[in-house]
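# Chain and residue survey
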Amino acid sequence: MDFAGALSADHLKFLADGFWVTLSIAFISILLSFIIGILLGTLRYAQIPVVSRVVAIYVETIRNMPLLLIIFFTFFALPEVGIKLTVTQAAITALTVFESAMLAEIVRGGLNSIDKGQIEAARSSGLTYIQTLWHIVMPQALRRMVPPIVSQFISLLKDTSLCVIIALPEFMHNAQIIYAQNVNYIIPIFILVAFMYFIVNYALSLVARRLESRQA
Amino acid sequence: MIRFKSVNKYYGDFHVLKDINLVINKGEVVVVIGPSGSGKSTMLRCINRLETISDGELTVNGVKVNDKNTNINELRRNIGMVFQHFNLYPHKTVLENITLAPTMVLKQSKEEAEKIAMYYLEKVGIPDKANSYPSQLSGGQQQRVAIARGLAMKPEIMLFDEPTSALDPEMIGEVLDVMKALAKEGMTMVVVTHEMGFAKEVADRIIFMDQGRILEEGKPADFYANPKEERARVFLSRILNH
């Protein structure tokens, strides 16, 4: 084991670059997924004929695919039909497609958790369905969605490492390049990588737990 | 004002409302009683189309409630509703609960809506709770806010769906007092309740329902003293003996 060699200043800089890519890709993806997830989740919740059905099929299909397959698909299959994406674009697309399906279900669950009596009260006072959704259901549901969305973000942060297979220069990818040079680097680098993931994700889960207890 | 003409309703195979014929006039206070599952709440909820009817005709002020061309939101402005479980919006203050529909639906300014809200909060006796959240109020206070919320739309009709059934016994009186005052002011009210004191004091008419049918209707004094139907007699003896 060569801790000093493995964790040299150059290596740490290289790992930090990778970690930054991991964080940014995860953040952009969760942001996009959140917007799409809200839309899909609401459409599914609203039980609009045909539309809700189509959304349900999309969400269920994506949710039951391995993320790895979706990453392969955006990077290797899309070019075959003329859509060429850079590694970064492919990674963000794959993660967003996958996460938006996950978030759609969180959104739908949040909306469904709001007591139907309030909806009846709002509708019986003459508010339209959209007004009721916007003023009564959504604000309360959003608050309830925060903790599961944070846990989903944690999963996403970890899942970003799957993009190593399309050579996205993220954390795992850069770590691999370093420990591939020297077997004595493997254990020190693994320890550092594990530590970094743990610190960030554990901090996030603490945030999620706090948000949850504040609601209760 | 409210007219049911041969109204039937089914939930799948279950026949919830059977050939309902009923006319409720302006200013009338009608109390609907009957065992649970008799269809009384369902009938009430048809009036503002929280439930749809399967056949027959239901009109409010001459407007067909279930007609495709009826603007249901416009119709509902005119019909306030109070629920068993209050159904206040927990994320909004008492004042916001009351002003939401007047500002959104009637396009009142915030100031105007708040002024009207305060007027009704005075009327139900809790103006000091204007800035509280529903969770900080007792059940009786929540239900009074719900009544104020309904009244703030200045409806011609108020529907009450078992408004005191979820309340602790010592809070029933305060809610009934508000309802009695409202009845005496000439509001058209349809009330599903088992509160006999209320029915005797302010109801113009009692409707007794069982198994989806209106079995008997009459003046409260006559009905309670001398119910014609055997089923009504049994029902009354059961609730009176408790």
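Note that the structure is predicted; figures quoted are calculated from it, not measured.

Turning our attention to the overall build of chain A. When helices and strands are tallied, chain A shows nine helices and zero strands. In chain A, the succession of helices and strands from N to C terminus is α-α-α-α-α-α-α-α-α. Along the three orthogonal principal directions, the C-alpha set of chain A runs to about 70 × 45 × 20 Å. Per-residue burial for chain A yields a buried fraction of 45% across its 216 residues.

Residue and element names in this part refer to chain B. Strand order across the open sheet formed by four strands is S2-S1-S4-S5, with antiparallel pairing between neighbours. Looking at strand neighbours, the two that pair on one side only are strand S2 (14–24) and strand S5 (63–64), the edges of this open sheet. Strand direction decides the pairing type here: strand S1 (residues 2–11) and strand S4 (residues 55–60), joined by five bridges, are antiparallel. If you follow Phe4 over to S4, its bridge partner there is Leu58. Most of the contacts of helix H1 (residues 40–47) go to S1, to which it runs at about 120 degrees, and overall it touches S1, S2 and S4.

Here we come to helix H3 (residues 51–63) of chain A. Residue and element names in this part refer to chain A. Its 13 residues place the ends of H3 18 Å apart at the C-alpha level, agreeing with the 18 Å of an ideal helix rising 1.5 Å per residue. Within H3, burial applies to Ser52, Val55, Ala56, Val59 and Ile62. For H3, the arc enclosing every buried residue in end-on projection is 145 degrees, short of the 170-degree limit, so these residues lie on one face. Across H3 from its buried face, at more than 90 degrees, point the exposed residues Arg53 and Val54. Buried residues along H3 sit in contact with helix H2 (9–45), helix H4 (67–77) and helix H5 (87–112).

Attention now goes to the packing of aromatic side chains. For the structure shown, the criterion picks out 10 aromatic pairs over all chains. Taking 5.0 Å as the distance between ring centres and 75 degrees as the angle between the ring planes, the aromatic pair formed by Phe75(A) and Phe76(A) counts as edge-to-face. Taking 5.5 Å as the distance between ring centres and 70 degrees as the angle between the ring planes, the aromatic pair formed by Phe223(B) and Tyr224(B) counts as edge-to-face. Taken as a pair, Phe223(B) and Tyr224(B) share a single burial class, namely buried. A connected cluster of aromatic rings, assembled from ring pairs, spans Phe208(B), Phe223(B), Tyr224(B) and Phe235(B). Above the plane of the ring of Tyr89(B) lies Arg149(B), whose end atom (NZ or CZ) is 4.6 Å from the centre. Over the ring of Tyr224(B) we find Lys200(B), and its NZ or CZ is 5.2 Å from the ring centre.

The strands that make up a sheet pair up through hydrogen bonds in the backbone, lying either parallel or antiparallel. Residues and elements named next belong to chain B. Strand order in this open sheet of six strands is S6-S7-S8-S3-S9-S10, and the pairing throughout is mixed. Looking at which strands have only one partner, the edges of the open sheet turn out to be strand S6 (79–82) and strand S10 (213–218). Shown here is a sheet whose adjacent strand axes are inclined to one another by a mean of 20 degrees, direction ignored. Here S6 runs beside strand S7 (residues 157–161); their pairing, made up of four bridges, is parallel.

Now for the pairing of strand S8 (residues 188–192) of chain B. Residue and element names in this part refer to chain B. Judged by how many residues are buried, S8 sits mostly within the fold: five of five residues are covered. Direction of pairing for strand S3 (residues 29–33) relative to S8: parallel, over a ladder of four bridges. Its bridge partner being in S8, Val31 is matched across the sheet by Val191. Note that S7 and S8 share five bridges and pair parallel. Bridged to Ile157 within S8 is Thr188.

Now for the UniProt feature "transmembrane region" (unreviewed entry) in chain A. Residues and elements named next belong to chain A. What UniProt calls "transmembrane region" (unreviewed entry) maps, in this numbering, to residues 20–43, 55–78 and 185–204. Secondary structure over residues 55–78 splits into 83% helix and 0% strand, and the C-alpha atoms at its two ends are 22 Å apart. Annotated as residues 185–204, this span is 95% helix and 0% strand, and its ends, taken at the C-alpha atoms, are 29 Å apart.

Attention now goes to the pairing of strand S9 (residues 205–210) of chain B. Residue and element names in this part refer to chain B. Burial analysis of S9 places six of its six residues in the buried class, the great majority of the element. Across the two faces of S9 the burial is the same, with Arg205, Ile207 and Met209 and Ile206, Phe208 and Asp210 all buried. Bridge count between S3 and S9: four bridges; the pairing is parallel. Each bridged residue has a counterpart across the sheet, and for Val32 the counterpart in S9 is Ile207. Two strands pair when backbone bridges link them, and S9 and S10 are joined in this way by five bridges, in the antiparallel orientation. Directly across from Phe208, in S10, lies its bridge partner Glu216. What sits between S9 and S10 in their antiparallel hairpin is a turn of two residues, with Gln211 showing a positive phi close to 50 degrees.

This part covers H4(A). In an α-helix, one turn spans 3.6 residues, which is why side chains three or four residues apart end up on the same side. All names here are of chain A. Leu67, Ile70, Ile71 and Thr74 are the residues of H4 that are buried. For H4, the angular spread of the buried residues around the axis is 100 degrees, confining them to a single face. Turning to H4, the residues buried within the fold contact H3, H5 and helix H7 (129–159).

Conventions used here
Residues numbered from 1 in each chain as written. Chains lettered and ligands numbered in written order. Predicted model: local features only at pLDDT ≥ 70, side-chain atom pairs only at ≥ 80, totals over all residues. Heavy atoms only, no water. Helix = DSSP H or I, 4+ residues; strand = E, 2+ residues; numbered from the N terminus. Buried < 20%, exposed > 50% of the residue type's maximum accessible area, 1.4 Å probe, protein only. Pairing = 2+ DSSP bridges. Contact = heavy atoms within 4.5 Å. Axes fitted to C-alpha atoms, helices over the stretch in contact; angles between N-to-C directions. Expected span 1.5 Å × (residues − 1). Arc of directions from axis to C-beta. Phe/Tyr/Trp six-rings, centres within 6.5 Å; stacked < 30°, edge-to-face > 60°. Lys NZ or Arg CZ within 6 Å of the ring centre and 35° of its normal. UniProt positions renumbered as here; feature names shortened; annotations may be inferred.

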